[in-house]
Amino acid sequence: MQLIDGKSLAKTIKAEIAIEVKQLIASGGKTPHLAAILVGDNPASAVYVRNKVRSCDQVGFHSTLVRKEASITQEELLEVVKELNENPDIDGYIVQLPLPKHIDEEAINLAIAPEKDVDGFHPMNIGRMALGLETYLPATPFGMVQMLDRYNIETSGKHCVVIGRSNIVGTPMSLLMSRKMKTGNCTVTLTHSRTKDLAAEVRRADIIVAAIGMPNFVTADMVKEGAVILDVGINRVEDTSRKRGYRLVGDVDFENVAPKSSFITPVPGGVGPMTVTSLLMNTLKACRKEVYK
Ligand code: NAD
């Protein structure tokens, strides 16, 4: 079993991005600039956004954090989106989810200019991904593809089973893994809450992507010997031995599944750190106008 060390890989990729940024600026290009809109005071969202801003500093990007009260109206938020769309210095931006209940996330997503949608959630960018065109890939699936690529894990002809069909993880990952590209060319099964005999489907997998949001969902009896495991889940479980009273675990019963696997991502320190790296890569692409000329 080999651990896929997302934390260390993300550090390596960030160092590579930092070099590219220096070269870009030295050759007269602009400094990449990522903005983030954070609405309300959800503590997890605040942590995610803080990480993104800190990562921008690490690679030499400019960053702008736009903080708004949870009471902001949809119209006011759409106005903020419009300002970022029109600001020529900002190459890309994200709207941190979830948004307060009274705001229609879809309406906000649709209002983001596709050329600045570095989260890759806009239908235009999802459509481009589905067609295999140059695009901003959604951060979490993009991070997982990078992991498979950098660890030289063969995917061609393999059977990949994705568990969970969310728009930001499961569904785009199933598309990417089936696409005709170096890390892709899999036969993909996308499973979800209505799948009959999910364990039997997962047992057939050479590559398992677990994106459900339930601790210990994938157990050792569901895993074929030598399978590759990508654990996306981030779940808090009570742990009184920790000062904060909880610890983070994935969707996979790591202790019992790891010995059966060929490669496995830990939680924390696996898929999570790669998500931010993907966002930086997309922002660099946006700055260089590689997707939309
Ligand atoms: P989601 O809640 O939007 O989707 C969960 C999916 O799981 C749904 O499609 C649902 O059909 C499926 N599901 C639920 N119960 C099931 C069951 N019993 N059997 C089979 N499928 C079932 O979640 P999401 O946004 O995709 O996130 C999933 C997990 O990944 C969460 O823990 C989240 O915190 C984490 N996450 C991590 C990162 C990262 O960077 N590591 C990024 C995004 C999400």
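Shown above is the structure to which this text applies.
Read on for an overview of the structure.

Thresholds applied
Residues numbered from 1 in each chain as written. Predicted model: local features only at pLDDT ≥ 70, side-chain atom pairs only at ≥ 80, totals over all residues. Heavy atoms only, no water. Near = heavy atom within 4 Å. Polar contact = N/O pair within 3.5 Å; in protein donor to acceptor, adjacent residues only side chain to side chain. Areas by Shrake-Rupley, 256 points an atom, 1.4 Å probe, with all protein chains shown as cover. Nonpolar A, V, L, I, M, F, W, Y, C, P; charged D, E, K, R; others polar. Helix = DSSP H or I, 4+ residues; strand = E, 2+ residues; numbered from the N terminus. Pairing = 2+ DSSP bridges. Axes fitted to C-alpha atoms, helices over the stretch in contact; angles between N-to-C directions. Contact = heavy atoms within 4.5 Å.

Moving on, we come to the site of the ligand. Surrounding the ligand, one finds 21 residues, the nearest of these being R165, S166, V232, I234 and T275. The backbone of S193 places a nitrogen or oxygen atom 3.2 Å from a nitrogen atom of the ligand. Within the side chain of T275, one N or O atom sits 2.9 Å away from an oxygen atom of the ligand. Burial of the ligand by the protein amounts to 71% of the accessible area it has alone, namely 850 Å². For the shell around the ligand, the class distribution of residues is ten nonpolar, ten polar and one charged.

L97 connects to P98 through a cis peptide bond whose omega is 0 degrees. Turning to its location among the elements, P98 is positioned in the loop between β4 (92-95) and α4 (105-111). A cis amide bond links V267 to the next residue, P268, at an omega of 0 degrees. For D197, which is not a glycine, the phi torsion comes out positive at approximately 50 degrees. Among the structural elements, D197 can be located in the loop between β6 (187-191) and α8 (198-203).

All right, on to the sheet that holds strand β2 (residues 33-39) then. Spatially, three strands are ordered β3-β2-β4 in an open sheet, and the strand pairing comes out parallel. The open sheet has two edge strands with one neighbour each: β3 (62-68) and β4. The mean angle between the axes of side-by-side strands here comes to 15 degrees, regardless of whether they run parallel or antiparallel. Across the sheet, helix α2 (residues 43-59) is in contact with β2, β3 and β4; its angle to β3 comes to roughly 160 degrees.

Attention now goes to the sheet that holds β6. Taken together, six strands build an open sheet; the order of strands is β1-β11-β8-β7-β5-β6 and the sheet is parallel. In this open sheet, the two edge strands, each paired with only one partner strand, are β1 (2-3) and β6. Bridge count for strand β5 (residues 159-163) against β6 is five bridges, and the pairing is parallel. By the bridge assignment for β6, H159 is matched with T187. Its contacts with the sheet put helix α7 (residues 170-178) on β5, β6, β7 (207-210) and β8 (228-231), and the angle it makes with β6 is roughly 170 degrees.

Nothing here speaks to function; it is geometry throughout.
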